[in-house]
Amino acid sequence: MPKSLKKLVLRKNRALIADVIAAMDAGLCVQSPDGDYLLGNKNATVATDEHHRAAVLVENETLGWVCGGPKAAVAAQLLSNLAAREQEKRAITQDLLSKYKEITLLFRLSEQILETLDVRASASLVLKEAQQILPSDSGMLMLLHENTGTLETVAHFTNYADNRPPIQVSQLGEGLIGTIAKLGRGEIVNNIAIDERDSGEHALEAQGCRTLICGPLQLKERLIGAITLLRQSEQPYRAEDLKLLTALCAHAASVMSVLRNENQLKESRQNELIFQISSQIRDSLSLSETLQTAVEKIQATLGSDRCFFLWHRSEIEINLPTS
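Residues numbered from 1 in each chain as written. Predicted model: local features only at pLDDT ≥ 70, side-chain atom pairs only at ≥ 80, totals over all residues. Heavy atoms only, no water.

Caption draft 1: Focus on the sheet that holds strand β4 (residues 61–67). Taken in spatial order, the four strands of this open sheet run β2-β1-β4-β3, and their pairing is antiparallel. Bordering the open sheet on either side are β2 (37–40) and β3 (53–58), each of which pairs with just one other strand. Sheet twist, expressed as the mean angle between neighbouring strand axes with direction ignored, is 25°. With three bridges joining them, strand β1 (residues 29–31) and β2 adopt antiparallel strand pairing. The partner of valine 30 across the bridge, within β2, is leucine 39. (Pairing = 2+ DSSP bridges. Helix = DSSP H or I, 4+ residues; strand = E, 2+ residues; numbered from the N terminus. Axes fitted to C-alpha atoms, helices over the stretch in contact; angles between N-to-C directions.)

Caption draft 2: Just the pairing of β3, in detail. Where β3 lies against β4, six bridges are found, and the strand directions are antiparallel. Looking across to β4, one finds that valine 58 is bridged to glutamate 61. Between β3 and β4, which pair antiparallel in sequence order, lie two residues; one of them, glutamate 59, sits at a positive phi of approximately 50°.

Caption draft 3: Examining the pattern of salt bridges more closely. Summed over all chains, the structure comprises three salt bridges. Linking arginine 238 and aspartate 241 is a salt bridge whose minimum nitrogen-to-oxygen distance equals 3.4 Å. On the basis of relative accessibility, which here comes to 49%, the residue arginine 238 falls in the partly exposed class. One network of salt bridges, in which partners are shared, links Glu187, Asp195 and Arg197. (Salt bridge = Lys/Arg side-chain N within 4 Å of Asp/Glu carboxyl O. Buried < 20%, exposed > 50% of the residue type's maximum accessible area, 1.4 Å probe, protein only.)

Caption draft 4: Broad picture of the sheet that holds strand β9 (residues 211–219). In space, the six strands of this open sheet follow the order β7-β6-β5-β10-β9-β8, with antiparallel pairing throughout. Edge positions in the sheet fall to β7 (169–171) and β8 (187–189), since each has one partner strand and no second. Within the sheet, the average angular offset between the axes of one strand and its neighbour, ignoring direction, is 20°. Sheet topology places β8 next to β9; three bridges connect them, and they run antiparallel. Pairing of glutamate 187 across the sheet is with cysteine 214, part of β9. The sheet contacts of helix α5 (residues 175–183) involve β5 (138–145), β6 (150–158), β7, β8, β9 and β10 (222–231), and relative to β9 the element is tilted by about 40°. (Contact = heavy atoms within 4.5 Å.)

Caption draft 5: Up close: the nonpolar core. Ranked by size, the top nonpolar core spans 26 residues in total, and within it Leu141, Leu143, Leu217, Ile227, Leu229 and Met256 carry the most contacts. At the level of secondary structure, the elements contributing two or more residues to this core comprise α4 (119–133), β5, β6, β9, β10 and α6 (239–283). Looking at which element gives the most residues to this core, the answer is α6, with nine residues. (Core = buried A, V, L, I, M, F, W, Y, C linked by side-chain atoms within 4.5 Å.)

Put into structure tokens, the structure is as follows:
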């Protein structure tokens, strides 16, 4: 919103406003909220009659005054409409810039993640992006262990000398981060010292952390983990910061979920392959049959065109003459 009519008059359509005011009434004068002259008739007398002095309003905020004649109210309404339009344009522009930041962030992150299918490597990429858009002294990406109900740090950065994360493991629902994650909505804490949730052996305030922003990683209301950024200074995080972090968390949750499922599938296939080969070894004492079965299973599992088992033998083993 324009902070004063002075900015609107000096930067936007000054000549047009001056011409309109003069055409309506040569005696009109436009003033700031404090009564300073902006444009119009400098000799105009500020009338005390309400019909000769009207406020320029936007959302009940007085941006200035039009005074000096009976048409002051009409001129004030005209300027109010113009100021409201400028406010609306500014809001739309700000929203577009915010969307552009989100799209640029997620596109850049997607390109990087495509180059790796590792959970920890992808988590580090996500956290690196978070650090770039929201400069912080330390940060963690934690994933939920579904069996134990604990949040475990899989990627972190810190300015501390020992390079350890502020928290390695946190129980879901306990402590500041565990509580925010369980609630399932992002939160800004700009004074950790007075937050009663920050207690126990993992208290962040005891580690010198002053402010925090935390966003849960959720996929269709299922908690995957959380991203937490912290500052040692009292520089606050803003609502706009939480909006960006929330967009990043939504994207990261999808990525982490897919990668974890892919890894679980790979582990399942590997375990099945090991079980089949082990069964073959128990059923047969023939080394050649065991190796042939292993090659066939590996080829089928990996979908390879060819698969070989190569046996290395030394010159002595194959009785080759030595020079």
